[in-house]
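Letter by letter, the chains look like this.
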Amino acid sequence: MSKTNPGRFFEDYRLGETLTHAVPRTITSGDRALYHALYPARHALHSSDEFARACGLPGSPIDDLAAFHVVFGKTVPDVSLNAVANLGYADGRFLGPVYPGDTLSSRSEVVGLKPNSNGKTGIVWVRTTGRNQRGVPVLEYCRWVMVRKRGDGGSDETHVPELPSSVTPDRITIPEGLSFKVYDFAAAGETYRLEDYRTGEIIDHVDGVTLEEAEHMMATRLWQNTAKVHFDATNRPDGRRLIYGGHIISLARALSFNGLANAQMIVAINGGAHANPAFAGDTVRAWSEVLDRVELRDDVGALRLRLVATKGAAGALRGDDGKYLPEVLLDLDYWALCPR
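Residues numbered from 1 in each chain as written. Predicted model: local features only at pLDDT ≥ 70, side-chain atom pairs only at ≥ 80, totals over all residues. Heavy atoms only, no water.

(A) Just the nonpolar core, in detail. By size, the foremost hydrophobic cluster in this structure holds 58 residues, and its most contacted members are W223 and I248. Ranked by the residues each element gives to this core, the list is headed by helix α3 (residues 64-79), at 8 residues. Within the second largest apolar cluster, 22 residues are counted, among which are C55, V167, F180 and M265. (Core = buried A, V, L, I, M, F, W, Y, C linked by side-chain atoms within 4.5 Å. Buried < 20%, exposed > 50% of the residue type's maximum accessible area, 1.4 Å probe, protein only. Helix = DSSP H or I, 4+ residues; strand = E, 2+ residues; numbered from the N terminus.)

(B) Just the environment of G189, in detail. Checked against the element boundaries, G189 lands in the loop between α4 (185-188) and β7 (202-210). Sequence-wise, G189 and E295 are 106 residues apart; in three dimensions their C-alpha atoms are separated by 22 Å.

(C) Representation of the pairing of strand β11 (residues 328-339) in the model. Among the 12 residues of β11, 12 are classified as buried, and the element is accordingly described as predominantly covered. Here strand β8 (residues 265-274) pairs with β11 via 8 bridges, running antiparallel. Counterpart to I269 in the pairing with β11 is Y334. Here strand β10 (residues 300-310) runs beside β11; their pairing, made up of 11 bridges, is antiparallel. By the bridge assignment, R304 is partnered in β11 with W335. (Pairing = 2+ DSSP bridges.)

(D) Examining the pairing of strand β3 (residues 83-94) more closely. With 9 of its 12 residues buried, β3 lies for the most part within the structure. By the bridge criterion, 8 bridges tie β3 to strand β6 (residues 137-148) in an arrangement that is antiparallel. Within the sheet, the bridge partner assigned to A83 lies in β6 and is V147.

(E) Geometry of helix α6 (residues 245-255). Among the 11 residues in α6, 11 count as buried, and that is most of the element. When α6 is considered as a whole, its buried residues turn out to be G245, G246, H247, I248, I249, S250, L251, A252, R253, A254 and L255.

(F) Structural context of the environment of G281. With respect to the helices and strands, the residue G281 is situated in the loop between β8 and β9 (283-295). Once the C-alpha coordinates of G281 and E213 are considered, the two residues, 68 residues apart in sequence, prove to be 7.9 Å apart. Those residues within four positions of G281 in sequence are excluded, and the remaining contacts are T210 and L211. (Contact = heavy atoms within 4.5 Å.)

(G) The pattern of salt bridges, seen in detail. Across all of its chains, the model carries 16 salt bridges by this definition. A salt bridge links R340 to E295; its shortest N-O distance comes to 3.2 Å. Separated by 45 residues along the polypeptide, R340 in the segment after β11 and E295 in strand β9 bring together distant segments of the chain. The exposure class assigned to R340 is partly exposed, which follows from its relative accessible area of 22%. For R306, the salt bridge identified is with D331, shortest N-O distance 2.9 Å. With R306 in strand β10 and D331 in strand β11, the pair connects residues that are 25 residues apart, well separated along the chain. Residue class for D331 comes out buried when judged on its relative accessible area of 7%. Linked through salt bridges whose partners overlap, the residues forming this network are D91, R127 and R171. (Salt bridge = Lys/Arg side-chain N within 4 Å of Asp/Glu carboxyl O.)

(H) Local environment of the packing of helix α1 (residues 29-38) against helix α5 (residues 213-222). At a closest axis distance of 11 Å, the pairing of α1 and α5 adopts a crossing angle of 155°. Judged by the inter-axis angle, α1 sits roughly antiparallel to α5. Of the two elements, α1 crosses α5, and the hand of that crossing is left-handed. Residue-level contacts link D31, L34 and L38 of α1 to E215, M218, A219 and L222 of α5. (Axes fitted to C-alpha atoms, helices over the stretch in contact; angles between N-to-C directions. Parallel < 35°, antiparallel > 145°, perpendicular 65-115°, else oblique. Left-handed = near helix turned anticlockwise from the far one by under 90°.)

(I) Region of interest: α3. The end-to-end C-alpha distance of α3 is 22 Å, a good match for the 22 Å that 16 residues give at a rise of 1.5 Å each. The sharpest bend along α3 reaches about 25° and sits at G73, with the proline P77 one to four residues further on. Counted residue by residue, α3 has 14 buried out of 16 residues, so it is predominantly covered. (Expected span 1.5 Å × (residues − 1). Bend = angle between axes of the 7 residues up to and from the residue.)

So this is what it looks like as structure tokens:
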């Protein structure tokens with residue numbers, strides 16, 4: 001009998017089952033250095049211990065999305081090893097900062113199943129929680145993924161979960177100790193406060209980055225994401241490696257610094273879709289739309305932002321048919337903490 005793991009197929013999932021994911025991972029300062037080497041990430045709170053201490057934290061946490069990638073990567077062998085595509089996210093909450101020295105582990109619950117009409121694939125929804133070495137949750141989110149079937153048969157069980165359209169402001173967690181009362185705008189890179197942004201505003205982040213094969217594969221290995229579509233060029237009929245969607249998220253978030261330098265911490269993901277696939281050689285640009293802003297405390301507020309990664313123009317999202325334009329790669333709706 002083979003001792004290797006071929007990964008789960010759609011028929012292997014059961015509604016309500018719990019998946020405990022293997023290989024906890026200890027975060028080091030090397031993860032931060034590699035993250036900043038892979039992406040043009042430069043938000044001050046994640047770059048400087050001194051800036052973070054001035055904001056009431058014990059030191060600089062790793063980038064929020066780096067923690068997300070580590071938690072996500074643990075789930076891949078049990079959720080998306082045989083995925084065709086990762087489709088979207090909802091109800092994501094960042095519950096506490098992650099620091100070098102913390103050890104992260106992941107557990108998921110299967111909350112939805114839906115076979116596709118082609119008989120070859122199905123959609124699996126999971127709710128994943130990442131915890132640190134003390135068992136304290138630091139991150140939770142739902143995602144759904146299209147998974148291959150082993151055969152043309154299998155269960156016709158269908159349950160599409162009801163997910164909230166957004167994380168309401170009362171569910172946003174402000175990290176313990178965080179204070180923007182003494183905030184160094186010069187060190188952060190921009191002078192804009194919460195009140196300087198208006199709902200409906202479109203921000204063109206200007207810069208672009210051309211995707212490289214080696215960089216996206218290095219990033220995916222860094223997060224221990226073993227999905228075949230990202231490495232094995234024989235896994236797709238077109239012989240191309242699919243760029244990990246999280247790579248696009250981090251790239252777009254890093255590009256958003258230009259215009260949103262003070263959107264310091266991601267605290268929630270309301271929803272997200274990988275609208276079209278990305279491949280090496282594509283040049284990615286980013287733009288944001290301000291969807292909302294809320295005052296949480298005298299010194300801290302939150303911006304609700306739509307972050308779009310695209311190969312096209314800023315502000316262009318959908319065609320006349322309501323579908324995403326072919327050049328749009330990512331549509332992510334998230335909350336970020338901002339000084340007032």
